[in-house]
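So the chains spell out like this:
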Amino acid sequence: GSNYDSRLQSVVAGQPPLNDNDGLFISSLVGYRKPARAFYDTIAAQWQMQPNELLMIGDDWVNDFEGARGAGWHALFLDRDSKQPDLRGLRSLSE
């Protein structure tokens, strides 16, 4: 999920393996911006899943981590630059 606008669709289309995904959720198309609970609830509803069945991995502490957790999702913080040294986050997606 992204707070970027619909131009992200064309960017993702040319980027394997991103272009082979189960869903691209862009706030301008979803109708809500992260960290709004409605953003996460809309995704869960479209996938017909319960929030506790979903995992958000993101690099924005408020929008991705806190927003997802507030909506009942599992969340991991992608902390490439050690912004949150007291928290054990992922340092890379390959991790």
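Residues numbered from 1 in each chain as written. Predicted model: local features only at pLDDT ≥ 70, side-chain atom pairs only at ≥ 80, totals over all residues. Heavy atoms only, no water.

Caption draft 1: Seen up close, the pattern of salt bridges. Under the criterion given, the structure shown has three salt bridges. A salt bridge links Lys34 to Asp64, with the shortest nitrogen-to-oxygen separation between them at 2.6 Å. With a gap of 30 residues between them, Lys34 in the loop between α2 (27-30) and α3 (37-47) and Asp64 in helix α4 (residues 61-70) connect regions that are remote in the sequence. A single burial state applies to Lys34 and to Asp64, both of which are buried. (Salt bridge = Lys/Arg side-chain N within 4 Å of Asp/Glu carboxyl O. Helix = DSSP H or I, 4+ residues; strand = E, 2+ residues; numbered from the N terminus. Buried < 20%, exposed > 50% of the residue type's maximum accessible area, 1.4 Å probe, protein only.)

Caption draft 2: Fine view of α3. Among the residues making up α3, those that are buried are Phe39, Tyr40, Ile43 and Ala44. On an axial view of α3, the arc spanned by its buried residues comes to 130 degrees, and they lie on one face. Among the exposed residues of α3, those oriented more than 90 degrees off its buried face are Ala45 and Gln46. The elements touched by buried residues of α3 are α2, β1 (55-58) and α4. (Arc of directions from axis to C-beta. Contact = heavy atoms within 4.5 Å.)

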